[in-house]
Amino acid sequence: MLALLLVVVLGLGSRSGMARHMLPRFLTAYAGDTLWATLVYLGLLVLWPRLSVGRAAAGSLGFAVLIECSRALHPPWLDELRSHPLVALVLGRGFLVSDLFCYAVGVALGVALDVGCFSRAARRVGPRGSPE
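Residues numbered from 1 in each chain as written. Predicted model: local features only at pLDDT ≥ 70, side-chain atom pairs only at ≥ 80, totals over all residues. Heavy atoms only, no water.

Student: Explanation requested: the side chain of Ser60 in the structure shown.
Tutor: Here Ser60 lies in helix 4 (residues 53-70). Residue Ser60 is classed as buried on the basis of its relative accessible area of 1%. Residues within four places of Ser60 in sequence aside, it is in contact with Val40, Tyr41, Leu44 and Val107. (Helix = DSSP H or I, 4+ residues; strand = E, 2+ residues; numbered from the N terminus. Buried < 20%, exposed > 50% of the residue type's maximum accessible area, 1.4 Å probe, protein only. Contact = heavy atoms within 4.5 Å.)

Student: Whenever I open this one, the pattern of salt bridges confuses me. Can you help?
Tutor: For side chains of opposite charge, pairing can occur when their charged atoms come near one another. Within this structure, the stated rule accounts for three salt bridges. A salt bridge links Arg71 to Asp99; the nearest nitrogen and oxygen atoms lie 3.1 Å apart. Here the residue Arg71 occupies a position in the loop between helix 4 and helix 5 (76-82), and Asp99 occupies one in helix 7 (residues 97-117), the gap between them amounting to 28 residues. Asp99 matches Arg71 in its accessibility class, with the two residues each being buried. The salt bridge involving Arg82 is made with Asp79; its shortest N-O contact spans 3.3 Å. Separated by three residues within a single helix, Arg82 and Asp79 lie in helix 5, roughly one turn from each other. Given a relative accessible area of 2%, Arg82 falls into the buried group. The network of salt bridges with common partners includes Glu68, Arg71 and Asp99. (Salt bridge = Lys/Arg side-chain N within 4 Å of Asp/Glu carboxyl O.)

Student: Which parts of the structure should I look at to understand the environment of Asp79?
Tutor: On the basis of relative accessible area, Asp79 is assigned to the partly exposed category, the value being 31%. As a C-alpha pair, Asp79 and Arg93 span 14 residues in sequence and 7.8 Å in three-dimensional space. Within polar-contact distance, the side chain of Asp79 engages the side chain of Arg82 at 3.3 Å. (Polar contact = N/O pair within 3.5 Å; in protein donor to acceptor, adjacent residues only side chain to side chain.)

Shown next, in the form of structure tokens:
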């Protein structure tokens, strides 16, 4: 859960005006989308902690690509939804091919955090504390 919060703070921070002055343009241009996909991966694991790495990666990448493709659609009701800042953070506003690459990198970052930093065995512990 702490990792989710950290990813949100870093992602929003990468979009701030201060970050644009302090960080290289490459980072401010792509970090937000990359971290958004990482957030989707980690969020799936919060919802379904026993999900395998492969399924979590495929599900989060599929979700991110689906959202990106929906950005090519502009019916008035959807554009009205996107005009709200919180909705725009999730749905975005316009289709960019570069975002697809960011999502792939973001999911890979989520996998690396999951496999390298988090104990997958701890997530697989059953309700009574015994491994499944």
